[in-house]
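Here is what each chain is made of, one letter per residue.
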Amino acid sequence: MNPVNSPDLSKLTAEQKRELLAKLMQRKSSTKTNTKSAQPSQQRPNDTPTPALSVGELNTAPLSFAQQRLWFVDQLQPGQTVYSIPTVLRLQGSLQVSELKQCLNEIVARHEILRTQFVAIEGKPWQRICSQQQIDMPVIELSTIDNRADTASAGKGTSKGTSDEKYIEHLRPHLQALVAQPFDLSAGPLLRAQLLKHTDNDHVLAVTIHHIIADYWSLKVLMKEIAMLYQAFANHQPSPLPALPIQYGDYAAWQHTQQAAAKETQRQNKQDTQLHYWLQQLAEPPAVLQLPTDHPRPAVQSFNGARHSFSLSLELSEALTQFTQRSHSTLFITLLAAFKVLLHRYSRQVDILVGSTVSNRDRAETKDLIGLFVNNLVFRSTVTAEQPF
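**Student:** Before we go on, may I ask you to explain the sheet that holds strand β6 (residues 191-199) in this structure?
**Tutor:** Two modes of strand pairing occur in sheets, parallel and antiparallel, and in both the strands are linked by backbone hydrogen bonds. In spatial order, the strands read β2-β7-β6-β5; together these 4 strands make up an open sheet with mixed pairing. The open sheet has two free edges, formed respectively by β2 (84-92) and β5 (139-141), since each of these has just one partner strand. Taken pair by pair, the neighbouring strands of this sheet meet at an average axis angle of 25 degrees, ignoring direction. Where helix α3 (residues 97-110) meets the sheet, it contacts β2, β5, β6 and β7 (202-210), and its direction lies at approximately 160 degrees from that of β6. Sheet strands in contact with helix α7 (residues 216-233) are β2 and β7, and its direction is about 30 degrees off that of β2.

**Student:** Can you walk me through the packing of aromatic side chains in this structure?
**Tutor:** According to the stated counting rule, one finds 6 aromatic pairs in the structure shown. Ring geometry for Tyr248 versus Tyr251: centroids 5.6 Å apart, planes at 45 degrees, classification tilted. Of the two residues, Tyr248 and Tyr251 are both situated in helix α8 (residues 248-269); the distance of 3 residues between them amounts to about one turn of the helix. Here the two residues Tyr248 and Tyr251 agree in accessibility, since each one is buried.

**Student:** Explanation requested: helix α2 (residues 65-76) in the structure shown.
**Tutor:** For the α-helix, the turn length of 3.6 residues means that residues three or four positions removed from each other point alike. Relative to the 16 Å expected for 12 residues at 1.5 Å per residue, α2 spans 17 Å between its end C-alpha atoms, a close match to the ideal helical length. Residues of α2 that are buried include every one of Ala66, Gln67, Leu70, Trp71, Asp74 and Leu76, and no others.

**Student:** Even after reading the chapter, I still don't get the sheet that holds strand β3 (residues 116-121), so can you show me in this structure?
**Tutor:** The 3 strands are arranged β1-β4-β3 in an open sheet whose pairing can be described as antiparallel. At either end of the open sheet lies a strand with only one pairing partner, and these are β1 (60-62) and β3. The sheet shows a mean angle of 40 degrees between the axes of neighbouring strands, taken without regard to direction. With 6 bridges joining them, β3 and strand β4 (residues 124-129) adopt antiparallel strand pairing. Opposite Thr116, over in β4, you have Ile129 as the bridge partner.

Thresholds, definitions, all that
- Residues numbered from 1 in each chain as written.
- Predicted model: local features only at pLDDT ≥ 70, side-chain atom pairs only at ≥ 80, totals over all residues.
- Heavy atoms only, no water.
- Pairing = 2+ DSSP bridges.
- Helix = DSSP H or I, 4+ residues; strand = E, 2+ residues; numbered from the N terminus.
- Axes fitted to C-alpha atoms, helices over the stretch in contact; angles between N-to-C directions.
- Contact = heavy atoms within 4.5 Å.
- Phe/Tyr/Trp six-rings, centres within 6.5 Å; stacked < 30°, edge-to-face > 60°.
- Buried < 20%, exposed > 50% of the residue type's maximum accessible area, 1.4 Å probe, protein only.
- Expected span 1.5 Å × (residues − 1).

Right, dumping it as structure tokens:
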């Protein structure tokens, strides 16, 4: 498919997306059976041709299932920034800039996924792992920024966390410009860093990373490793981080091995138990949850949204924790149940489906890896007024 003529996904209805996916999968199947007569691969937006590659010539790994989804979206609409994940870290005090940059490049050397490109080989996407890659960290002077955010902490009763939030908010135009730069999955690097310098003793490290190589758990790993490495490098000591037991490519290969084993089991037993379970659980879902919104639901999906944060009182938090313990459940399930009751109250519908992400890091080897592990699950419940909570 030519990326230039591809449709805008945000303007397609759910039914149109399903039809488009079916056509693409049909075309992909046709391409596999007619490899010799297939048309040359399309060029990327920068007009750089994709060379003919073979798997044996490269340090490659298959894409994980989550990566396949994001790669598919990027083929339809290359250059989108929807899946760019930004994170910022305010650094106050004397900063050794060269050591901070050394930390970033040490982490890139440590995690293969941070020096990975995504290329098509014989019509199939692969991870191409570069043997080495250097990350630049330009320093941007912000001398024109006023001190309003800085003085916020001087206000009576203002916490440091609140001050940091206001300070970061004041830098939003600079951070948005960083996030607005698209990534080229086939060329990389898929991680960028800038150091925003306010004063000699006040900096903000701004990092943007493409979702295909990281999730929000990964950001915690990244920041933890930056802190540990900086402490060591600033004191002229070697890296204190232990060697990683596996790399993300190993995880992706393991996924495909598990899938192949499941298909063999299905072939022998004539039934895929997991697939059968989910087909039953998600059969005939309601088309939409009819909430009494103040504006009509748009006919076409957009990526516009908002966030509202609030805190529960200490008394209510303790009560929820105690209730959860008595119910032999988790706080997440308790709050999810309450949320579904609220949706039932507003919509008067009994079939309630709520989607949520899960970390999907159930193996010890994945805890300290940077990579895309997160998965989406659908929690379906029948909620009626007659049911006890």
